[in-house]
Amino acid sequence: MEKAARRFRMQELFIHDKLPHVGTTIFTRMSALAAQYKAINLGQGFPDFPMDEQLVELVCKAMRDGYNQYAHMNGLPALRESIAEKVAAGYKANINPDSEITVTPGGTYAIFTALTAIIQPGDEVILFEPAYDSYLPNIEINGGIAIPVALSYPSYEINWQEVKEKITTRTKAIIINSPHNPTGKVLQDVDIEALRNIVTGTGIFIISDEVYEHLIFDGQTHRSMLCYPDLLERSFVCFSFGKTYHCTGWKMGYCIAPAKLMGYFRKVHQFNCFTCNSPVQVALAEFLKHPDSYASLGVFLQGKRDYFLMLMKQTAFKPLPSSGSYFQLYSFEGMSESSEADYAEALTREAGVASIPVSAFYRDGTDHKVLRFCFAKKESTLAAAVERLKAYGI
Ligand code: GLN
């Protein structure tokens, strides 16, 4: 008896690490470093300009009007109606708001929930690297196996032949992301065709990260999975209000999937966050009815990208093409022998400008000497950042 008690006391608390290869996300680390060194933060992707005052007012009004208790688990019905109308107008998609839309606390949560709903231990999921850093841990925490396919450097095109070769009987899903974080690459018709050729007649799901749907430049169009009924039937399509309305801190988004798939998604969702913030949903339901609020977003952000590109010409950085998202990649080949991570840290500490090393988006840390800069900032912020880089002698 005494022995047993002693054994019990001596037992250590032990957690078997579900994510042994993962530390703290690069966004948190670089933002902390930026704060520590008072650097201008062009790392983590978030705007530093104000969001629409009218939307803020609508949230305040909703709170005062008493919308402060739980909304429906799947999302406020009025918001799901507005989303269905938005995607009908924008993508000619006929989506049932009751059974095919779920409002989520952000796009990342929607992706995690979709992967959790479909992955069984040992299932393989194909992702394209550089890949947004949540995909891989989302797969592995569910016992899945991530199968990375590297986008060809420096064009960042998808090598569909390689994708084909990596398909096995265990392939459960392919994660696509357009406009792409971090490269700003946008899927073209040939990509859609190649994807179609690969998945048709298989049991492969598509997880489509479309959070930058409206941040698209140079006359490009967004090829949403919602546009292709044959692809949509196997897709979980994930969106973000934070990116559309410049309010990333609201953590609001949604997922669209066919009813049968959505049923499994909701099984997971109901025991995780259960439901999202009510007053914000009331406000978004109304605000979403005005397409002008996002119709000009591409032009607005392209203006920022072009301004940043123009200023950065004064430095030795070499831009890689970006057709969408919040991000512009720059090569520092020939400027420093440091790794991306070391260089990004040195720039933060010594030049006072934070960025993101693209190696953080590769499982094996592939390093092409490329940094990601977020240009979703006030012009004065971008100008001050470039001045600091110049003063540092770049
Ligand atoms: N999506 C944002 C980016 O890529 C960051 C999101 C986050 O910090 N988790 O920078």
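The structure displayed is predicted, hence computed values, not measured ones.

## Section: the sheet that holds strand β5 (residues 171-177)
Consideration 1: Ordered by their spatial adjacency, 7 strands build an open sheet running β2-β8-β7-β6-β5-β3-β4, and the pairing between neighbours is mixed. Edge positions in the sheet fall to β2 (101-104) and β4 (145-150), since each has one partner strand and no second. Neighbouring strand axes in the sheet, compared pairwise and without regard to direction, differ in orientation by 20 degrees on average.
Consideration 2: In this structure, strand β3 (residues 124-129) lies alongside β5, joined through 4 bridges in parallel fashion. By the bridge assignment for β5, leucine 127 is matched with isoleucine 175.
Consideration 3: Contacting β5 and β6 (205-209), helix α8 (residues 189-199) crosses the sheet at an angle of about 170 degrees to β5.
Consideration 4: Where helix α11 (residues 259-269) meets the sheet, its contacts fall on β2, β6, β7 (235-240) and β8 (253-256), and the angle it forms with β2 comes to roughly 25 degrees.

## Let's talk about the site of the ligand
Consideration 1: The ligand sits among Phe27, Gln44, Gly45, Tyr132, Asn181, Tyr212, Phe327 and Arg372.
Consideration 2: In this structure, arginine 372 approaches the ligand through a side-chain N or O atom, which is 2.7 Å from an oxygen atom.

## What to know about the pairing of β6
Consideration 1: Where burial is concerned, most of β6 is hidden: 5 out of the 5 residues are buried.
Consideration 2: Across the two faces of β6 the burial is the same, with Phe205, Ile207 and Asp209 and Ile206 and Ser208 all buried.
Consideration 3: Where β5 lies against β6, 5 bridges are found, and the strand directions are parallel. Looking at β6, one finds that isoleucine 174 is bridged to isoleucine 206.
Consideration 4: Chirality of the crossover, the property in question, places the unit of β5, α8 and β6 among those that are right-handed.
Consideration 5: For β6 and β7, the ladder comprises 4 bridges, and the chain directions are parallel.

Conventions adopted
Residues numbered from 1 in each chain as written. Predicted model: local features only at pLDDT ≥ 70, side-chain atom pairs only at ≥ 80, totals over all residues. Heavy atoms only, no water. Pairing = 2+ DSSP bridges. Helix = DSSP H or I, 4+ residues; strand = E, 2+ residues; numbered from the N terminus. Axes fitted to C-alpha atoms, helices over the stretch in contact; angles between N-to-C directions. Contact = heavy atoms within 4.5 Å. Near = heavy atom within 4 Å. Polar contact = N/O pair within 3.5 Å; in protein donor to acceptor, adjacent residues only side chain to side chain. Buried < 20%, exposed > 50% of the residue type's maximum accessible area, 1.4 Å probe, protein only. Right-handed = clockwise from strand over helix to strand, strands pointing away.

Interpretation note: all reported values are geometric properties and have no functional meaning in isolation.
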